[in-house]
Amino acid sequence: MAIADRSKVMDKVVALCKRRGFIFQSSEIYGGLNSCWDYGPLGVELKSTVSRLWWEEMTRKHDEIVGLDAAILMHPRVWEASGHVSNFTDPLIDCKTCKGRFRFDQLPVDESGAPVRKWRLPSGDKGESPARADNRYCPTCGSSDLSDVRQFNLMFKTFMGPVEESASVVYMRPETAQGIYVNALTIADCMRLKPPFGIAQIGKAFRNEITPGNFIFRTREFEQMEMQYFVKPGDDDRWFDFWKGERMRYVTEVLGLRPERLRFHEHGKGELAHYAKAAFDIEYEFPFGWSELEGIHNRSDFDLKQHSEFSGKLQAIFDEESKSKYIPYIIEASAGLTRAVLAVLVDSYDEDEQEGENRVIMHFHPRLAPIKAGVFPLMRKDGLPEIADELYRTLNKKWRVFYDQGGSIGKRYRRMDEIGTPFGITIDYESKEDHAATIRHRDTLEQVRVSLDQIPQWLEKRL
RNA sequence: GCGGGAGUAGCUCAGUUGGUAGAGCAUCAGCCUUCCAAGCUGAGGGUCGCGGGUUCGAGUCUCGUCUCCCGCUCCA
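Predicted, not measured: the structure shown is a model, and the values here were computed from it.

(A) Up close: the side chain of S348. Tracing the sequence through the fold places S348 in helix α8 (residues 337-348). By relative accessible area, S348 is classed as buried at 5%. Separated by 2.5 Å, the side chain of S348 and the backbone oxygen of V344 make a polar contact. Dropping the residues within four chain positions of it, S348 is found in contact with I361, M362, H363 and F364.

Right under this line is the structure:
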């Protein structure tokens, strides 16, 4: 069941995704576009299933969590308040000797002599252009043969309106969270919510990553599933722990990822981001190494304080007990949808080698499988296709089911194994007598005989 | 963005000193086949990543560009 060389799994999954219509490169007939991927018929089924399960997990299981779909383009001031304008703009330089790349402000300075090199720092968004003169060197190889400073802004810019003036510059959101923060009080009002309450959102975000890569793991256009939970200050630690537990349960029970490939990491004080009071990562062991799947953060009142200050409108909630206003704390559960899809793909991939034959199997949980069952007439004659076709039409009203009468029965099973279809339903000659079919299980290869009119219920129980 | 490697059919590849594109698998049609792929017959599919240049002629030489893989940063 296990694949000896897991490092090859990425390549195999990428190839499978292309071959069988899960995910392929954007604009491929024009040579492709770096870091952009299109989700094909099976990929979109898988992705939307993962996001639907997340949505149900949030908004159905918790009465106090409501949904939102905010615009991708937001007022530019939002990103000043959030800290993205200043923190997402990195001055970087390259070492010409060892080819390393570093942030300018993290380079060590040799104080022994008089300043030799004058640095021209590109102006930031606020128009500041600090000039500096000193002796910086490469922390790796010690060389002082360094490139000029270049400004990397991780936010995509675009223009609002037909005229490209700087006044109309807007950013594509680099995270979905801010859409929730700026609407939080409106939503609390119109839904009559008091802390603790949550707002869930699934949507695209854009980051001009310096180095995208690893298939859909890090892309410049990506999809997030975020739930921001608003609580009273003082309750935040308790809710932080609560959501840690909820999210750990989700990745194991709902996504069904193998426990041995999951680990949980609570950040120490030194590694916290500027907005976070506490952070907890859920990491998955991808073929390329341990990487973050999602994070739970205690963002304190940082975000709403910032928006209060920048907008001039206090983002606070009235507390009946104390008759005073307070800015709620935010516990954030932020997951990468496209990362979850990748984790499910590589976690499911398996090869079964017998006598030189190689069977590729995607062990999707039936709940996640893009196609739930294959319906096959054993022979393409003697009325078997008609029976199979009728069953197919019945089942396909409720689930995505695939009808196949081409090739030997074994070949049809393999085709379904490769795309992770959990059940193969075969109509044989006995079906004409007993009105039943054989259902073959993808993982166990067990076969059971189920009456034709019982099949919908039988499937229902297992999906 | 920088350094290294690569780009011929959906996939894996072949293509001889530059002479005008092939194989296997896959796909489709038909036949065969009574439960775990690759038996038979036939068919479709490539302006050789894209764009210039050299040449009578370029998959083959040259330049540019795009994309992918491996490192250097960042994070969902």
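(B) Spatial organisation of the protein's contact with RNA strand B. The local shell around RNA strand B holds 48 residues, among which K18, N34, R218, Y413 and R414 are the closest. Separating a sugar or linking oxygen of RNA strand B from a side-chain N or O atom of Q25 is a distance of 2.8 Å. At 2.5 Å from a base nitrogen of RNA strand B is found a side-chain nitrogen or oxygen belonging to R414. Sorting the residues of the surface near RNA strand B by element identifies β12 (221-231), β15 (289-300), β18 (329-336), β20 (357-362), α10 (409-418) and β24 (436-441) as the ones contributing at least two each. With 6 residues, α10 is the largest single contributor of residues to the surface near RNA strand B. Of the residues that constitute the surface near RNA strand B, the class distribution is 12 nonpolar, 18 polar and 18 charged.

(C) Representation of the environment of K372. Assignment of secondary structure puts K372 in the loop between β20 and β21 (373-377). The residues touching K372, leaving out its near neighbours within four places in the chain, are P366, R367, W399, R400, T421, P422, F423 and L463. Here the side chain of K372 touches P366 through a polar contact of 2.9 Å, landing on its backbone oxygen. A polar contact is formed between the side chain of K372 and the backbone oxygen of R367, at a distance of 3.0 Å.

(D) Region of the structure containing the pattern of salt bridges. Counting across every chain of the model gives 34 salt bridges. Ionic pairing is found between D301 and K305, a salt bridge with its closest N-O pair at 3.5 Å. Residue class for D301 comes out buried when judged on its relative accessible area of 16%. K305 gets classed as partly exposed once you look at its relative accessible area, which sits at 47%. The partner of K323 in a salt bridge is E320, and the shortest N-O contact between them spans 3.9 Å. K323 gets classed as exposed once you look at its relative accessible area, which sits at 57%. When salt bridges that share partners are traced, they join E57, K61, E246, R249 and E253 into one network.

(E) Spatial organisation of the nonpolar core. F22, V50, W243, L257 and L345 are the most contacted members of the largest nonpolar core, which totals 62 residues. Counting residues per element, this core draws most heavily on α8, at 8 residues. When neighbours within four sequence positions are excluded, F22 is seen to be in contact with L16, C17, D38, Y39, G40, L42, G43, L46, L345, F364, P370 and I419. Counting residues in hydrophobic clusters, the runner-up holds 20 residues, among them V66, I180, I187 and Y326.

(F) Expanded view of the sheet that holds β24. Read across the sheet, 5 strands follow the order β22-β21-β23-β24-β25 without closing on themselves; strand pairing throughout is mixed. Every interior strand has two partners, whereas the edge strands, β22 (401-403) and β25 (447-451), have only one. On average, each strand axis in the sheet is tilted by 25° relative to the strand beside it, whichever way the strands run. Here β24 pairs with β25 via 5 bridges, running antiparallel.

The rules behind each value
- Residues numbered from 1 in each chain as written.
- Chains lettered and ligands numbered in written order.
- Predicted model: local features only at pLDDT ≥ 70, side-chain atom pairs only at ≥ 80, totals over all residues.
- Heavy atoms only, no water.
- Helix = DSSP H or I, 4+ residues; strand = E, 2+ residues; numbered from the N terminus.
- Buried < 20%, exposed > 50% of the residue type's maximum accessible area, 1.4 Å probe, protein only.
- Polar contact = N/O pair within 3.5 Å; in protein donor to acceptor, adjacent residues only side chain to side chain.
- Contact = heavy atoms within 4.5 Å.
- Near = heavy atom within 4 Å.
- Nonpolar A, V, L, I, M, F, W, Y, C, P; charged D, E, K, R; others polar.
- Salt bridge = Lys/Arg side-chain N within 4 Å of Asp/Glu carboxyl O.
- Core = buried A, V, L, I, M, F, W, Y, C linked by side-chain atoms within 4.5 Å.
- Pairing = 2+ DSSP bridges.
- Axes fitted to C-alpha atoms, helices over the stretch in contact; angles between N-to-C directions.

In short, the description is geometric, and any link to function would need to be established separately.
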